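Results of the structural survey
Given next are the chains, with one letter for each unit.
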Amino acid sequence: MSAHDHADGHLPHEPEKATLEGRNKVLGFWLFLGAETVLFGTLFSAFLALRHNTGDGPTSQELFELPMVFAATMILLFSSLMSVFAVQAMHKNKVKPMLGWLLVTILLGLGFLGLEVYEFLNYIDEGHKMPTSAFSSSFYTLVGFHGAHVAFGILWIGLLILQVLKKGLTVVTAPKIYVSAIYWHFIDVVWVFIFTVVYLMGKVG
Amino acid sequence: MAAHAHKVKRYRGLMDWLTTVDHKKIGILYLMAGGLFFLVGGLEAVMIRIQLIKPMNDFVGADTFNELITMHGTTMIFLAAMPLLFALMNAVIPLQIGARDVAFPFLNSLGFWTFFFGGVLLNISWFAGNVPDAGWTSYVPLAGPTYNSGHGVDYYVLGLQIAGIGTLLGGINFMATIINMRAPGMSFMRMPMFTWTIFITSALIVFAFPVLTVGLVALMFDRLFQANFFETANGGSSVLWEHVFWVFGHPEVYILILPAFGIISEVVSTFARKRLFGYSSMVFATVLIAFLGFMVWAHHMFTTGLGPVANGLFSIATMLIAVPTGVKIFNWLFTLWGGSICFTAASLFAIGFIPTFVMGGVTGVMLAVAPADYQYHDSYFVVAHFHYVIVGGLVFGIFSGLHYWWPKMFGRMLNEGLGKLTFWTFFIGFHLTFFVQHFLGLLGMPRRVWTYLPNQDFDTMNLVSTIGAFLMGVGTICFLINVVVTSAKARNAKADAWEDGRSLEWTIPSPPPEYNFKQLPLVRGYDAWWKEKMEGKSAMTPAEPPGPIHMPSPSILPFIMSVGLFIAGFGFMYDKLYLAIGGIAVTLICMFFRSVFDDHGFHIEEDEQEKGVHA
Amino acid sequence: MKRLIPLLAGMAFLLSACGRDDLSTLKPQGPVAEEQFNLMKLSISIMTLVVVVVFAICIYVLIRFRRRKGDNTIPKQVEGNHKLEIIWTVIPLILLLILGVPTINTVFGLSKDYSKDKDALQVKVTAHQYWWEFEYPEYGIVTAQELVVPTGKKVSFELASADVKHSFWIPSIGGKMDTNTGVTNRMYLEFPKEGIFRGKCAELCGPSHSLMDFKAKAVDQASFDRWVAAMKSPAVVPEDAKIKEAFESKCLSCHAVGETNSGASAPNLTGVGSRETIGGILYNDEKPIEDNLKEWITDPQSVKPGATMPSAKDVGLTDEELDGISKYLANYKIDY
């Protein structure tokens, strides 16, 4: 079955799985997320192994401010919810609402990223830099990797919005929207772990 | 149909190879690049052995020697063995499962080019005069910024990082391919054994390589941005690197050996004209080995000082792997039992594999005995052990697979006489080289030694070992001659080149047309093609009517993306921020183009399908 | 089983046939190496059995079932055989059980901690690129390259590294243990026989990894006590004032003798004249010790590439000073 059979506007119910290419993309992306899980798992392990080795630098108790991180967490959780609405709209073939939800998704993502940059700048002021200690190195690497994933997601979903505006919702664009939403949820789940393992446990000690 | 009117530029010559997304051509690219790196790594091995031919030799200096062993190990594992496996995977898997291509042809090409440029980056270190010299395991602090301030290890880190992207993409691609693209009727338990092992190997790649990625990132941050992951003076942990490396490194061993198991299964059953004995237990054993493979990494660290509980647990877990491996060995032997065994170069390598691998396997169990390993660890005994499994296992497997599938890949049969000569020189040379090394280790010779003092009873055995290494070199040259001689012969291999083929790749012409299967076949059982032959049929039953075949378009983007990463690698290494950002930008822009401009591909109409196909 | 015994005996003979007494793991000279050797013998015997079975089946199959010329029959296609498959799953499991139980026993046995044991000798080993430092905290002694221990006592080692990772290995006395950075490891060894045993570094640590040898000298308790006393007595310094001057300003800036320079970054040279080797690899029974010392001091790089010791030229030693210092060190012996 080729990608062109549905080009005439009759979108099937689940357009992301209508073609073999689409099904491959969704499956391949899940596998990719499997690899990403291992990647973050390793970063978490390194962080857990090193988090008490603060040397002369500030400790996590001195550093973290939970209210702001909690706000960032809520923003990202809501952002994830928005992408759920976007996929629901896509399944109902409502293109404009879908684009609207996606736009809110990345705006919230930008808000999260802004908070994170602000947080990092604060830390640097307090003398918590990459070379400060083993704790700081593993902290910036773990949280920074997540932040880079958010940034990539924002660029990617932004690009998809432009594509859908230009080409409409087709069996080619639908799988892209769908996997980008899975990606966004994944990033959100990783953040929940970061919030728990890095910040909450860091505050407790 | 209007939709079929896409015109796609078809390239010729060099551009065809740079832009191809055809898995068969990518397979050949992997074969050429992997083969080239195999020769480089082999040359390094010969130089190592020349240095060790006699005590206190000074053929190469101590620094150079450490560079040689590091590059030999890294090259052979990442740039020779894995690509050669990817060559066979690409050449065979889609054919074996009755597919027209892999799930992601574009990513397939990207995977090759990132591997290739990663490998080139690593080897440029020889010309830059900064060669990695901390061993292929790059243990810190020796590989860290304090004790390794040159750029040598940077080449290791960035080269492997870039090549690793390619490997990960390949793993995802082949998993998705095998799950989604099987021909009608080919259930999981009807898949050929080679497909099964590649499926499991791909899963191992997907779950093991990201660990290496993180390890390399941490080492790179330590070296380039003064991070402290492994800097013990600032709270880092050097043992952490060992854990990270081996959590990746041990599954890596099975990533390498499982495909060899698959090749041996195919070759043994073809040349014994017998169904693979105990197919379902073979599948189960493969899965079990892969699963256990993730549980045993710390057996590389018995002497690190993890304590008796960890050492005991990892000892037992490691020993357990012997059970499914033993199942495989006996299944092969009983596939041969009662068969009608034909001795070709391919089957000789497969048959030579069995006892050789058993020897490597039993020394593996010996190494699993932690207290005894305190004596073996980092001695020549270990060198002997892992060369028995990697050369005696994997390289024999690759040679067997190459001789077996060569006609399918190139349409020409390799010369049998030269093939047998390759086998005997390589086989005898291999055992000469490595058998004595067990004893060198037991007599107290540590591994990775640049030289050794006289009067330690090491001299004779080292001489024997070096002679063996030369013989292996002769074997490799025989193979190269065979390739050259064969390429001058007529392209006349039959579809079922060995006449006893059992799986789907033997139902289509050698080499197959671009689209592989004119009509996708209907699979009615395990050994799909053999089953049809035994029922007197001369072709598979088609599962679809003939029609135009959709193909993906070639693209130069994967090549450019890899060049971008290659440039960025240098930017990171030499603190040239504009190069690093520029290189990454090139890659991202290519991704942008790939996303924005849809690949509609093209169709091969029915009347074009016979063009250029060799009957 | 009857056939197995000569086989095992043969294997044991083969294993013990080669190698130096002071170096080979196959000629254990102490209970730790002995225990490890026993496990090696057990595992080699089981594994030989496996190899023999596989080889026998393999050879039989290859001869019996090879394809004759013109034979075009199709052999019977067999799917498998549950009975056989169970056999070759269960038998290896039993064999592994036989191997696994003593493995676990020995793992725990060899990890016993004697660091608090009053009867055991405590030694702190610090590995350097490319030499070994041995500290005896109970006696306040530091020596290098030559570990001196009393026979009949357990020796409890605390192992660490000063730079990169090394591994401490005296093959004929017992298996190795890594010296890590940042953390210490413990192990114990026993030296029942008097003698000099060869030790090696077993972890890649730089260019001269292969030359990072040391000696372990086991002596009786009385000698050991004499050695301790001699090591603690005031340091002997060169008699000639000019040589003394040169030695103190150009050598003792890094090295130490006796009680001087307690925080030395280079090997302690007390009694260096009685050591078996210079630099761990220049044997004093092969060449006069004075020549070895001169060779080493003149250009350490040519003996051990990558060594951190500067050459005689770098520190500005005159020929006269070189001769004098070599002579002094060669004659700096302690009797024990």
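As a convention, each chain's residues are numbered from 1 in the sequence order in which they are written. Chain A is the first chain written and ligand 1 is the first ligand written, with later ones labelled in order. Owing to the predicted nature of the model, reporting of local features is limited to residues with pLDDT of at least 70; listing and counting of side-chain atom pairs is limited to 80 or more, with chain, interface and lining totals taken over all residues. In computing side-chain properties, one takes all heavy atoms of the structure into account and sets aside hydrogens as well as water.

Condition: UniProt positions are given in the numbering used here, feature names are shortened, and annotations may be inferred rather than shown by experiment.
Identification of chain A as Cytochrome c oxidase subunit 3 from Cohnella xylanilytica is taken from an unreviewed UniProt entry. According to the UniProt record, the Sequence similarities (unreviewed entry) comment for chain A reads "Belongs to the cytochrome c oxidase subunit 3 family." The UniProt entry for chain A carries the following text under Subcellular location (unreviewed entry): "Cell membrane".

**Points about the overall build of chain C**
Definition in use: Numbering goes from the N terminus for both helices and strands, where a helix is a DSSP run of H or I of at least four residues and a strand is a run of E of at least two. Using C-alpha atoms as the atom set, the radius of gyration is obtained and then compared with a globule rule of 2.2 Å times the number of residues to the power 0.38. Only heavy atoms matter for contacts: two residues are in contact if any of them lie within 4.5 Å across the pair. As used throughout, the charge tally considers Lys and Arg to be positive and Asp and Glu to be negative, leaving His and the chain termini uncounted. One atom stands in for each charge, and that atom is NZ of Lys, CZ of Arg, CG of Asp or CD of Glu.
Of the regular secondary structure elements, chain C holds 9 helices and 12 strands. Computed over C-alpha atoms, the radius of gyration of chain C comes to 27 Å, more than 25% over the 20 Å expected from 2.2 N^0.38 for 336 residues, which places it beyond the range of a compact globule. Counted over contacts in chain C with a minimum sequence separation of 6, partners at least 24 positions apart contribute 63%. Here chain C contributes 38 positive and 41 negative side-chain charges, whose respective centroids are spaced 13 Å apart.

**So, the sheet that holds strand β2 (residues 131-136) of chain C**
Residue and element names in this part refer to chain C. Heads up, the rule is: One bridge is not enough; two strands pair if DSSP finds at least two bridges between them. A fitted line through C-alpha atoms represents every axis, and for helices the fit uses only the stretch in contact; the resulting angles, taken between N-to-C directions, go from 0 to 180 degrees.
If you trace the 5 strands from one edge of the open sheet to the other, you get β3-β2-β1-β5-β8, paired in mixed fashion. Since the sheet does not close on itself, it has two edges, and those belong to β3 (141-144) and β8 (185-190), each with one partner. The mean angle between the axes of side-by-side strands here comes to 25°, regardless of whether they run parallel or antiparallel. By the bridge criterion, 7 bridges tie strand β1 (residues 121-128) to strand β5 (residues 154-161) in an arrangement that is parallel. Bridge pairing in β5 links Val125 to Leu159. Contacting β1, β2 and β3, helix α4 (residues 221-232) crosses the sheet at an angle of about 100° to β3.

**Notes on the arrangement of the chains**
Sorting the 2 pairs of chains in contact by contact count puts chains B and C at the top. Taking C-alpha atoms only, the smallest gap left between chain A and chain C, which are not in contact, amounts to 12 Å.

**As for a negative patch on the surface**
Residue and element names in this part refer to chain A. Defined as follows: Distance thresholds for patches are 9 Å for like charges and 5 Å for nonpolar side chains (Val, Leu, Ile, Met, Phe, Trp, Tyr), applied to residues having over 30% relative accessible area and no salt bridge. Computed with the Shrake-Rupley method and a 1.4 Å probe, the accessible areas treat only the protein chains shown as cover for residues. Salt bridges are identified by distance alone: a Lys or Arg side-chain nitrogen within 4 Å of an Asp or Glu carboxyl oxygen. Exposure is judged per residue with a 1.4 Å probe applied to protein chains only, and the accessible area is read against the type maximum: over 50% gives exposed, under 20% gives buried, and values in between give partly exposed.
Residues Glu62, Glu65, Asp125 and Glu126 make up a contiguous surface patch of negative charge. Structurally, Asp125 can be placed in helix α4 (residues 95-125). Of the residues examined, Asp125 reaches a relative accessible area of 68% and is grouped as exposed.

**Structural notes on helix α17 (residues 557-573) of chain B**
Residue and element names in this part refer to chain B. Quick reminder of the rule: The span you would expect from a helix comes to 1.5 Å times its residue count less one.
In this model α17 runs 24 Å from its N-terminal to its C-terminal C-alpha over 17 residues, within 8% of the 24 Å that 1.5 Å per residue would give. Within α17, 12 of the 17 residues are buried, which leaves the element mostly enclosed by the surrounding structure. Within α17, the full set of buried residues consists of Leu557, Pro558, Met561, Ser562, Gly564, Leu565, Phe566, Ala568, Gly569, Phe570, Gly571 and Met573. Asp575, located one to two residues past α17, shows a positive phi value of around 55°.

**With respect to the UniProt feature "transmembrane region" (unreviewed entry) in chain A**
Residue and element names in this part refer to chain A. Mapped onto this numbering, the UniProt entry annotates "transmembrane region" (unreviewed entry) at residues 27-48, 68-87, 99-118, 138-165 and 177-201. Taken end to end, residues 27-48 has its terminal C-alpha atoms 31 Å apart, with 100% of it in helix and 0% in strand. Annotated as residues 177-201, this span is 100% helix and 0% strand, and its ends, taken at the C-alpha atoms, are 35 Å apart.

**Remarks on the interface of chain A and chain B**
Stated formally: Summed over both partners, the accessible surface that disappears when two parts come together, traced with a 1.4 Å probe, is what is meant by buried area. Polar contact criterion, stated in full: a pair of N or O atoms within 3.5 Å, where within protein one must be able to donate a hydrogen and the other to accept it, and residues adjacent in sequence count only if both atoms are side-chain atoms. Note that Gly is not counted as nonpolar here; it falls among the polar residues with everything else outside the nonpolar set of Ala, Val, Leu, Ile, Met, Phe, Trp, Tyr, Cys and Pro and the charged set of Asp, Glu, Lys and Arg.
Taken residue by residue, the interface counts 37 residues in chain A and 40 residues in chain B. Interface area for chain A against chain B, summed over the two sides, is near 3000 Å², with a carbon-plus-sulfur share of 73%. There are 2 salt bridges connecting chain A and chain B. For A:Lys167, the salt bridge is made with B:Asp598, and the minimal N-O distance between the two is 3.3 Å. On the surface where chain A and chain B come into contact, there are 10 residue pairs in polar contact (both at pLDDT 80 or more). With 18 residues, the top contributor of residues to the side of chain A that touches chain B is helix α1 (residues 20-50) of chain A. Its residues assigned to classes, the side of chain A that touches chain B shows 19 nonpolar, 13 polar and 5 charged.

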